[in-house]
Amino acid sequence: MKHPFFNNNGPFKLIDLLKDFKLKITENLDNDLVTDIKDLQNSDKNHLTFFHSKRYYLQASKTKASYCLTFENLKNYLPKNCKPICVENVLSVISQITSKFYPDAINDDFDNTVKKIEEINFHNSIKYGHNVLVGENVQIENNCLIGHNTIIEKNVTIGSNCSIGSNVIIRNTIIKNNVRILDGCIIGKKGFGFFPHRKKNIRYPHIGIVFIDDNSEIGCGATIDRGSMSNTIIGKNTYLDNQIHVAHNNIIGDNCIIAGQVGIAGSSVLGNNVMIGGQAGISGHLKIGNNVQIGGGSGVIKDIPDNSKVMGYPSKNFRKFLKDNK
Amino acid sequence: MKHPFFNNNGPFKLIDLLKDFKLKITENLDNDLVTDIKDLQNSDKNHLTFFHSKRYYLQASKTKASYCLTFENLKNYLPKNCKPICVENVLSVISQITSKFYPDAINDDFDNTVKKIEEINFHNSIKYGHNVLVGENVQIENNCLIGHNTIIEKNVTIGSNCSIGSNVIIRNTIIKNNVRILDGCIIGKKGFGFFPHRKKNIRYPHIGIVFIDDNSEIGCGATIDRGSMSNTIIGKNTYLDNQIHVAHNNIIGDNCIIAGQVGIAGSSVLGNNVMIGGQAGISGHLKIGNNVQIGGGSGVIKDIPDNSKVMGYPSKNFRKFLKDNK
Amino acid sequence: MKHPFFNNNGPFKLIDLLKDFKLKITENLDNDLVTDIKDLQNSDKNHLTFFHSKRYYLQASKTKASYCLTFENLKNYLPKNCKPICVENVLSVISQITSKFYPDAINDDFDNTVKKIEEINFHNSIKYGHNVLVGENVQIENNCLIGHNTIIEKNVTIGSNCSIGSNVIIRNTIIKNNVRILDGCIIGKKGFGFFPHRKKNIRYPHIGIVFIDDNSEIGCGATIDRGSMSNTIIGKNTYLDNQIHVAHNNIIGDNCIIAGQVGIAGSSVLGNNVMIGGQAGISGHLKIGNNVQIGGGSGVIKDIPDNSKVMGYPSKNFRKFLKDNK
């Protein structure tokens, strides 16, 4: 599948992609062509993927990618169709190669392709406020409302019956139907991902998007960052309160209720019907089950199984928390 | 008293309001007319109110409402003037009935009644920046400043000598004199209140307003939501720092000092001279006394009596906290 | 050195500055002239400074100021060149005197000197969006980008190759080269500093600025307040994620990485290479060493020595935290 938003500069010869990294490659790769770069789950034939943590061994064992950057000690998890390419720093190499495929996805300078919405031929069921700006490759379906001073930068799709507030900024995002984005949200900017370097950190491209499913609501002043390799997803009928931060690559399920000022660090997966109290924080790379309830102010640093109710920092069973703190 | 901002579609016959809920009503209500819907304290004759938690028994016992939606086990707290109407889900029924009275208060789509401030005949002691928008039913008193890109949506009253910053959005709010609202605040949007429903949550109307009293200051990027049935109130000479979230129905007293990133969940009451350190969180439906000091980062989940100094999560006496954590 | 941004109304005769405070002054000060007001470290000959806490005795002992407001019990720390002026409330007196020198620095009303950027003769290597406003005394170097609706108020210097996002507000700030300020930031407003007073709090002037050094990045929706007497500083190559609040007078070193929703209360000093996890809070007036790592959600209320790794609220050694919370 073609990337919906970022231009793919590929295909590249695998050997050309690897030549900067001084790898000892014994096989003959002269004819191998890489058409795209994807995460383990979404890769297909002729794609390059990466596998950098045992945590993802299940996805690795099923990947359809033809090539995978990985570590020596992980390569045996990969299936036969996937040729391992062992490197010392998987994340650094993948990011540099991704930059070749998608150079537009590294920086988020303001979109200078935008025009005043009056200058664009949208159908007339869209109602918009003063000073609305719209970039290239933007689609807006029927009966949408777009508030004052809102900027829909390039690469945005908005379904029907959506209400976008005022002072909102959106880019690289797909919004489905009946979604409400309240005032002051900033959605779809690159995540907080880079390789620290003493003189000048090295940013890596964020080719993921933000996807917000039907009937959801995003509260005032929320920030939802787009993913690096995969997407940041908000499920159906999920409501976020004000001042929430959803970092890159998070997947939030359906029917979740997330109260004000919650922060969700990157690459976590939340199930359906999750309820999170105000100011709680969820660390990165966690799996939060279905029907989980997390008390306000909690700090979650471990996976939480389905149907649990937790509280505290670090969070534990809420009865235990209340008993321990009598 | 007429609602200052939302149109009241009433009066309605009580029997018409109740007919959708399949209630067994033994009395003859054919002639009973309901003129408005209010909370226990603010109700008057011919008003409908609701009483859903024993926590509010004192207010219930004194209500002047003629009718009250309540539970079977609470009805005996009500005074003689008030006819109990027992239902299984008080909050759901009250919200559906409120929607009949105030259908405009359910959603917060952008205000398309706004005009450029230059097009409105304000007296000339108001100084305003570029691109200021003002909606219907807005009053602004003498010597006010309104910053650039600020949107005063419909239903706002601003007293004299107020300074409103840039990129601010205000609606459904009464601001008294000498108040400062700093840049980027969003004030008066509906609270985060709805009935969870698997396919599509049911929003309820927010007919409360935000009231900000004399000499107060609201820091940059704060969000203050309006109340559902009652109002969200910030007292006199109370200062809020940046990035604070005040949810619906909270009442904050006079001379309070609230540091950055604090979050106050809904329906809590804070006394006068309360000091709250940065990032502290206050749960919903709590009573925080006068002269209370709450340490930064605390999580308050219980009422706090007057003159206390607390810290921790859950918060406890600050000396005990420091001793326990030596 | 002349203040880069605020007009100095001095010099004043010392005796005139002090006459409102009913001090018993035995020396003859008739000819003493005060040219400026500075903190202990940055003062010079003929300057007035202040010393109100033993915590700063080292700086006090080396100050070059000619006069110092202090307490009776601290005056002996001062060097011979510096004449102590003992008062009962150092901070109150210094703020009132600072107001005489710098009356413009008390309030932050919106800047009504701004013009549309098109009306200003910037060199043509600046690219800017729609509706950009620029105030007086603003310099922008080569190859900068300024996003839509952004307001560069008066007293701002931006170095070369900077990218400023949309909906940003900046004032009283020096930004060096290759800096990125993402969407929705509010930088340079006065800090949350005032003397509580029952009827009407007394604001004091903030004559510090915000200084952001080369190669840094400030995430979406961050607020960075300018200092009161000293400056708020972000070091080189330091990255801040979204929704961070940096209060007045903080100094953050080089190569720091600060995750989303962190709050740093006033007057703390962070070393180089400090890493802070999401939602952590740092209290005021602390010293955080070099190479310190602070876990997400932590509440730091004590100084942290170099090379430490801490977690928890209050924060402690992270191994101890994990062990205590097994």
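Here the structure is a predicted model, which is why all the values come from computation and not from measurement.

(A) View of the overall build of chain A. Each helix and strand in chain A was counted, giving four helices and 37 strands. Relative to its length of 326 residues, chain A is compact, with a C-alpha radius of gyration of 21 Å against a globular reference of 20 Å. Counting over 326 residues, chain A shows a buried share of 56%. Relative to all contacts within chain A whose residues are 6 or more apart in sequence, the contacts with residues 24 or more apart total 24%.

(B) Expanded view of the pairing of strand E18 (residues 186–190) of chain C. Residue and element names in this part refer to chain C. The buried count for E18 comes to five of five residues, which makes it a mostly enclosed element. With three bridges joining them, E18 and strand E23 (residues 223–226) adopt parallel strand pairing. Residue pairing across strands places Ile187 opposite Ile224, the latter belonging to E23.

(C) Layout of the interface of chain A and chain C. Counting from both sides, the interface comprises 31 residues of chain A and, opposite them, 35 residues of chain C. Its residues placed into classes, the side of chain A that touches chain C shows 13 nonpolar, 13 polar and five charged.

(D) Spotlight on the domain arrangement of chain A. All names here are of chain A. The domains assigned to chain A are domain 1 (12–105) and domain 2 (115–324). Here domain 1 and domain 2 have C-alpha centroids that lie 29 Å from each other. Listed as interface residues are 10 residues of domain 1 and, on the opposing side, eight residues of domain 2. For the side of domain 1 that touches domain 2, a count of residues per class yields two nonpolar, five polar and three charged.

(E) Local environment of the interface of chain C and chain B. Counting from both sides, the interface comprises 31 residues of chain C and, opposite them, 35 residues of chain B. Taken together, the residues of the side of chain C that touches chain B sort by class into 13 nonpolar, 13 polar and five charged.

(F) Local environment of the sheet that holds strand E6 (residues 83–86) of chain C. Here four strands make up an open sheet; going across it, the order is E3-E4-E5-E6 (chain C) and the pairing parallel. If you trace the sheet from one side to the other, it starts and ends with strand E3 (36–37) and E6 of chain C, each paired once.

(G) Focus on the relation of the copies chain A and chain C. With an RMSD of 0.1 Å, chain A superimposes on chain C once it is rotated by 120° and translated 0.0 Å along the axis. Here the two chains are linked by the operation of a three-fold rotation axis. Interface overlap between copies: only 19% of the residues of chain A at the interface are likewise at the interface in chain C, consistent with a contact formed by different surfaces.

(H) Quick peek at helix H3 (residues 90–101) of chain B. All names here are of chain B. The end-to-end C-alpha distance of H3, which contains 12 residues, comes to 17 Å, matching closely the 16 Å that a straight helix rising 1.5 Å per residue would cover. For H3, every residue scored as buried is listed here: Val93, Ile94, Ser95, Ile97, Thr98 and Phe101. Against the buried residues of H3 lie helix H1 (14–18), strand E3 (36–37), strand E4 (47–51), strand E5 (67–70) and strand E19 (194–195).

(I) Main features of the relation of the copies chain C and chain B. Overlaying chain C with chain B gives an RMSD of 0.1 Å, the required rotation being 120° about an axis along which the chain moves by 0.0 Å. Of all interface residues in chain C, a mere 19% are interface residues in chain B too; the two copies therefore contact each other through different surfaces.

(J) Geometry of the sheet that holds strand E26 (residues 245–246) of chain C. Residues and elements named next belong to chain C. Here 10 strands make up an open sheet; going across it, the order is E7-E9-E12-E15-E18-E23-E26-E29-E32-E35 and the pairing mixed. Each of the sheet's edge strands pairs with one partner strand only, and the pair in question is strand E7 (115–116) and strand E35 (299–300). As paired elements, E23 and E26 share two bridges and run parallel to each other. Paired with Thr223 across the two strands is His245, which belongs to E26.

(K) Just unusual backbone geometry, in detail. Along the chain, Gly10 of chain A connects to Pro11 of chain A via a cis peptide bond; the corresponding omega equals 0°. With respect to the helices and strands, Pro11 of chain A occurs in the segment before strand E1 (12–13). Of note, the bond from Tyr313 of chain C into Pro314 of chain C is cis; its omega dihedral lies within 30 degrees of zero at 0°. Note that Pro314 of chain C resides in the loop between strand E36 (309–311) and strand E37 (316–317). Phi is positive for Asn149 of chain A, which is not a glycine, with a value near 60°. By secondary structure assignment, the location of Asn149 of chain A is in the loop between strand E11 (145–146) and strand E12 (151–152). In this structure Asn149 of chain A comes out as buried when scored by C-beta crowding, with 30 C-beta atoms within 10 Å. Residue Asn155 of chain C is not a glycine yet carries a positive backbone phi of 65°. Of note, Asn155 of chain C is situated in the loop between strand E12 (151–152) and strand E13 (156–158). Classification of Asn155 of chain C by C-beta neighbours within 10 Å gives buried; the count is 23.

(L) Representation of the pairing of strand E4 (residues 47–51) of chain C. Residues and elements named next belong to chain C. With five of its five residues buried, E4 lies for the most part within the structure. Neither face of E4 is open: one carries His47, Thr49 and Phe51, the other Leu48 and Phe50, and all of them are buried. Pairing between E3 and E4: two bridges, direction parallel. For Asp36, the partnering residue across the bridge sits in E4 and is His47. As paired strands, E4 and strand E5 (residues 67–70) are joined by four bridges and run parallel to one another. If you follow Phe50 over to E5, its bridge partner there is Leu69.

(M) Expanded view of the environment of Asn201 of chain A. Here Asn201 of chain A lies in the loop between strand E19 (194–195) and strand E20 (202–203). For Asn201 of chain A, a count of 18 C-beta atoms within 10 Å gives the class partly exposed.

(N) Molecular detail of the confidence of the model for chain A. Mean pLDDT over chain A stands at 94; residues scoring 70 or higher make up 100%. For this predicted complex, the interface score ipTM comes out at 0.92, while the overall pTM is 0.94.

(O) Broad picture of the environment of Gly281 of chain C. Topologically, Gly281 of chain C is positioned in strand E32 (residues 281–282). Between the alpha carbons of Gly281 of chain C and Ile301 of chain C there is a distance of 8.6 Å; along the sequence they are 20 residues apart. Ignoring any residue separated from it by four or fewer positions in sequence, one finds Gly281 of chain C in contact with Gly278, Gln279, Gly296 and Gly297 of chain B together with Gly263, Gly299 and Val300 of chain C.

(P) Inspection of the environment of Phe5 of chain C at higher detail. Considering the arrangement of structural elements, one finds Phe5 of chain C in the segment before strand E1 (12–13). Along the chain, Phe5 of chain C and Asp104 of chain C lie 99 residues apart, while their C-alpha atoms are 10.0 Å from each other.

Each value, and the rule that gives it
- Residues numbered from 1 in each chain as written.
- Chains lettered and ligands numbered in written order.
- Predicted model: local features only at pLDDT ≥ 70, side-chain atom pairs only at ≥ 80, totals over all residues.
- Helix = DSSP H or I, 4+ residues; strand = E, 2+ residues; numbered from the N terminus.
- Rg over C-alpha atoms; globule rule 2.2 N^0.38 Å.
- Buried ≥ 20, exposed ≤ 12 C-beta atoms within 10 Å, placed from the backbone.
- Contact = placed C-beta atoms within 7 Å.
- Pairing = 2+ DSSP bridges.
- Nonpolar A, V, L, I, M, F, W, Y, C, P; charged D, E, K, R; others polar.
- Domains from an automatic or database assignment.
- Least-squares fit on C-alpha atoms with pLDDT ≥ 70 in both.
- Expected span 1.5 Å × (residues − 1).
- pLDDT = per-residue confidence, 0-100.

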